[in-house]
Amino acid sequence: MRKQIAAANWKMNLTLGQAEKLLDEVLAIDWTPKAHQEVVFAVPAPYLYPALTKLRATGRTQVHISSQNAYSEKSGAYTGETSAEMLQSIGVTHVILGHSERREYFGETDHVLAKKLDIALAHGLTPIFCCGEPLTVREAGTQNAFVAKQIEHSLFHLDDAQLRKVVIAYEPIWAIGTGKTATSAQAQEMHAFLRSVLAKKYGATADHISILYGGSVKAANAAEIFACPDVDGGLVGGASLIAKEFEAIIRALK
Ligand code: PEP
């Protein structure tokens, strides 16, 4: 079975004290993961190391700490940026790349994201690559072509072995932080389409790629969305900041 993943994206929220409390609460839940299940916490950069320290103390092996971003160059005069090598050196294992907020507010293009994927993979990080269409595109009915292009432009230069290390998150922008979730039918349709796009280039490898759904996932809708055959868990923003909500989302993994 493909990996089923509950990934928390804390974005730019919480003080250190709040972050530690939330992590403590979620790490303390009585959860015995199935072999194919994982939990990922994408925490703000200043909390990566404290979060890793806390996680190590629990001995949990199917829980991981992720960065929310990494830079596209190896090292050098890039004030304020964080490199994949730095993340690797402290024990971070995952990195979110191409979140729609980064594309919108920081001008990240498919081309830049292709470079970020390369450098993340070269440093052993698992990229959680986000794609998804804005409302205007959904209303025009051209979402499939839009999202396929994002995938083709940023991922299709990877070889088979590299692609296998990537997790994809489909996040329709109109559903992020809006309380408006895609229906499970809309999620399944897009996830199946994305898998077919991958299959055209990578054949059977497409069946091994986890595709998460993101966009107002919460305790009340997670089980229905995760039950879709091509949905392999979720990337969760707002609801991941509430321990009980995120616990229920973890328990909704199939
Ligand atoms: C996200 O930012 O990745 C996200 C899905 O946010 P939310 O769950 O709040 O819609």
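Residues numbered from 1 in each chain as written. Predicted model: local features only at pLDDT ≥ 70, side-chain atom pairs only at ≥ 80, totals over all residues.

Let's shift gears to the sheet that holds strand β7 (residues 211-214). Pairing is parallel around the closed barrel formed by eight strands, whose spatial order is β1-β2-β3-β4-β5-β6-β7-β8. Neighbour-to-neighbour, the strand axes of this sheet turn through a mean angle of 25°, independent of strand direction. As defined by bridge partners, strand β5 (residues 126-131) adjoins strand β6 (residues 167-170) across four bridges and the pair is classed as parallel. For I128, the partnering residue across the bridge sits in β6 and is V167. (Pairing = 2+ DSSP bridges. Helix = DSSP H or I, 4+ residues; strand = E, 2+ residues; numbered from the N terminus. Axes fitted to C-alpha atoms, helices over the stretch in contact; angles between N-to-C directions.)

Counting residues in each nonpolar core, the largest one holds 68 residues, and the members touching the most others are A7, F129 and I168. Residues contacting I168, with those up to four places away along its chain left out, are F129, C131, L194, I209 and I211. (Core = buried A, V, L, I, M, F, W, Y, C linked by C-beta atoms within 7 Å. Buried ≥ 20, exposed ≤ 12 C-beta atoms within 10 Å, placed from the backbone. Contact = placed C-beta atoms within 7 Å.)

So, on to the UniProt feature "active site" (unreviewed entry) in the protein. Residues annotated in UniProt with the feature "active site" (unreviewed entry) correspond here to H99 and E171. Look at the named residues: they lie 73 residues apart in sequence, but the longest C-alpha span between them is just 8.4 Å, so in the fold they bunch up. Turning to its location among the elements, H99 is positioned in the loop between β4 (94-97) and α4 (100-105). On the basis of neighbour count, H99 is assigned to the buried category, with 27 C-beta atoms found within 10 Å. (UniProt positions renumbered as here; feature names shortened; annotations may be inferred.)

So, on to the UniProt feature "binding site: substrate" (unreviewed entry) in the protein. Under the UniProt annotation, the feature "binding site: substrate" (unreviewed entry) is placed at N9, W10, K11, G177, S216, G237 and G238. Across 230 residues, the annotated set stays spatially compact, with a maximum C-alpha separation of 13.9 Å. Topologically, W10 is positioned in the loop between β1 (4-9) and α1 (16-27). Take W10: there are 23 C-beta atoms within 10 Å of it, and that puts it in the buried class. Residues contacting W10, with those up to four places away along its chain left out, are A42, V43, P44, S240 and L241.

This next bit is on helix α7 (residues 143-155). Across its 13 residues, α7 extends 18 Å between first and last C-alpha, which sits within 8% of the 18 Å expected from 1.5 Å per residue. Residues Q143, V147, Q150, S154 and L155 constitute the buried set of α7. Buried residues of α7, seen end-on, are gathered within an arc of 90° and therefore sit on one face of the element. Those residues of α7 that are buried are in contact with α5 (110-122), β5, α6 (135-140), α8 (160-163), β6 and α9 (184-202). (Expected span 1.5 Å × (residues − 1). Arc of directions from axis to C-beta.)

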